[in-house]
Amino acid sequence: MDSKSLIEILEYEREKLDKIVSTIYELDHAAQITTDMTMKELLGHISWYEHKINLVIQRNDPNPNEYYDLTIDEKNKQIALSFSMSFDQVKRRADTIFNELLSLLRHATEKHLK
């Protein structure tokens, strides 16, 4: 798959996710998505992983293997730090991280085409 197609898929799927998030959040701010997660927590998880992807793409992660070595519980403890933020703060942070991911992918594409 080429980078342009990947970016298009990511944008399309993120748009669908944003619609679902908005709909559920408007109906019930504290709705449980799973037995253990609210919408805010789900967004926190997604953005945590996207942030780690961004660091790898930037080659700006001091210890990339650190995250592979963490247990699920250890990752969840790091991710849970975002849960003290409001939904709007988590959503803005998730949007910023996602847009950074798209920018990094576009830049990588341009870099490889030259």
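Check the entry above for the structure.
The following paragraphs examine the structure supplied in this document. Note that the structure is predicted; figures quoted are calculated from it, not measured. (Residues numbered from 1 in each chain as written. Predicted model: local features only at pLDDT ≥ 70, side-chain atom pairs only at ≥ 80, totals over all residues. Heavy atoms only, no water.)

We now examine the overall build of the protein chain. If you tally the helices and strands in the protein chain, you get 5 helices and 0 strands. Listing every helix and strand of the protein chain by position from the N terminus yields α-α-α-α-α. In the structure as shown, the protein chain presents an accessible area of about 7,900 Å², 55% of it carried by carbon and sulfur atoms. (Helix = DSSP H or I, 4+ residues; strand = E, 2+ residues; numbered from the N terminus. Areas by Shrake-Rupley, 256 points an atom, 1.4 Å probe, with all protein chains shown as cover.)

On to helix α2 (residues 39-58). With 20 residues, α2 extends 28 Å from end C-alpha to end C-alpha; this agrees with the ideal 28 Å at 1.5 Å per step. Of the residues making up α2, those classed as buried are Met39, Glu41, Leu43, Gly44, His45, Ser47, Trp48, Glu50, Lys52, Asn54 and Leu55. Residue Arg59 follows α2 closely and has a positive phi angle near 55 degrees. (Expected span 1.5 Å × (residues − 1). Buried < 20%, exposed > 50% of the residue type's maximum accessible area, 1.4 Å probe, protein only.)

So, on to the packing of α2 against helix α4 (residues 72-79). Interhelical geometry of α2 versus α4 gives an angle of 105 degrees and a closest axis separation of 10 Å. What the angle tells us is that α2 and α4 run roughly perpendicular. Across the interface between the two elements, Gly44, His45, Trp48 and Tyr49 of α2 pack against Lys75, Asn76, Gln78 and Ile79 of α4. (Axes fitted to C-alpha atoms, helices over the stretch in contact; angles between N-to-C directions. Parallel < 35°, antiparallel > 145°, perpendicular 65-115°, else oblique. Contact = heavy atoms within 4.5 Å.)

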